[in-house]
Amino acid sequence: MVNRKNLAYEKRLSLLHFLLQRYTKNGALARGALAAGAAFVSVVKSTVSWLWRGWHLKHVASLNGKWDVTSGKKIMHDPLS
């Protein structure tokens, strides 16, 4: 098993796409998606859960306009205004 610190960027990206395909319309992952994702990239389920939680929180915050996902910094003002 590979731990999350040694998980290559390409594997993380493929895991994200794998999980997004299993994201339901009601805003949750399909049943068993985390376990299937863990098997997909050969890590434990808790690693996939940890990564998904971080991605999901960044996504929700970016939809609210309070978080710049690219840099990880809070936006103080709108640069276009």
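Every chain is numbered on its own, with residues counted from 1 as its sequence reads. Only residues with pLDDT of at least 70 are given local features in this predicted model, and only at 80 or more are side-chain atom pairs given and counted; all residues enter the totals for whole chains, interfaces and linings. With hydrogens and water set aside, each side-chain value is computed from the structure's full complement of heavy atoms.

A.B. asks: For this particular structure, what's the right way to read the overall build of the protein?
C.D. replies: Only runs of H or I of at least four residues qualify as helices and only runs of E of at least two qualify as strands under DSSP, and these elements are numbered from the N terminus. In terms of helices and strands, the protein carries three helices and zero strands. In the protein, which comprises 81 residues, the proportion classed as buried is 16%. It only takes one pair of heavy atoms within 4.5 Å for two residues to be counted as in contact. Residue pairs in contact within the protein that sit at least 24 positions apart in sequence constitute 44% of those at least 6 positions apart. Roughly 6,300 Å² of accessible area belongs to the protein as shown, and the carbon and sulfur atoms make up 58% of that amount. A simple rule labels every residue: compare its accessible area, found with a 1.4 Å probe on the protein chains alone, to the largest value its type can have, and call it buried under 20%, exposed over 50%, or partly exposed in between. Using a 1.4 Å probe, the Shrake-Rupley method yields the accessible areas, and only the shown protein chains count as cover for residues.

A.B. asks: Looking at this structure, I do not really get the packing of aromatic side chains. What am I missing?
C.D. replies: The geometry of two aromatic rings is summed up by the distance between their centres and the angle between their planes. Working definition: rings of Phe, Tyr and Trp (its six-membered ring) pair if their centres are within 6.5 Å, and the pair is stacked with planes under 30 degrees apart, edge-to-face with planes over 60 apart, and tilted otherwise. Applying the stated criterion across every chain yields a total of two aromatic pairs. Judged by centre distance (4.6 Å) and plane angle (10 degrees), the rings of Phe 18 and Phe 40 are stacked. Of this pair, Phe 18 sits in helix 1 (residues 9-21) while Phe 40 sits in helix 2 (residues 33-41), and the two are 22 residues apart along the sequence. Owing to a relative accessible area of 12%, Phe 18 belongs among the buried residues under this scheme. Where Tyr 23 meets Trp 52, the ring centres are 5.8 Å apart and the plane angle is 55 degrees; that geometry is what we call tilted. With Tyr 23 in the loop between helix 1 and helix 2 and Trp 52 in helix 3 (residues 45-63), this residue pair connects regions lying 29 residues apart in the sequence. Accessibility expressed as a relative area gives 31% for Tyr 23, which makes it partly exposed. Residue Trp 52 is classed as buried on the basis of its relative accessible area of 14%. Above the ring of Phe 18, the side-chain terminus of Arg 22 is found at 3.6 Å from the ring centroid. Whether a charge sits over a ring comes down to the Lys NZ or Arg CZ being within 6 Å of the ring centre and within 35 degrees of the ring normal.

A.B. asks: Teacher, can you tell me more about the confidence of the model for the protein here?
C.D. replies: Segments scoring low in pLDDT should not have their predicted coordinates read at a detailed level. Summarising the model, the protein shows a mean pLDDT of 78, and 70% of its residues fall at 70 or more. Per-element confidence in the protein is highest for helix 2, whose mean pLDDT is 94, and lowest for helix 3, whose mean pLDDT is 83. The quantity called pLDDT is the predictor's confidence in a given residue, expressed from 0 to 100.

A.B. asks: Quick question: what am I supposed to make of the packing of helix 1 against helix 2 here?
C.D. replies: Packed helices, taken two at a time, are described by the angle between their axes plus the distance between the axes. For the pair helix 1 and helix 2, interaxial distance at closest approach is 10 Å and the crossing angle is 150 degrees. Looking at the two axes, helix 1 sits roughly antiparallel to helix 2. At the point where helix 1 passes helix 2, the crossing takes the right-handed sense. In contact with Lys 11, Ser 14, Leu 15, Phe 18 and Leu 19 of helix 1, helix 2 contributes Ala 33, Leu 34, Ala 36, Gly 37, Phe 40 and Val 41. Throughout, an axis means a line fitted to C-alpha atoms (over the contacting stretch in the case of helices), and angles, computed between N-to-C directions, take values from 0 to 180 degrees. Put simply, angles under 35 degrees are roughly parallel, angles over 145 are roughly antiparallel, angles from 65 to 115 are roughly perpendicular, and the rest are oblique. We call a crossing left-handed when the near helix sits turned anticlockwise from the far one by less than a right angle, and right-handed when that turn is clockwise.

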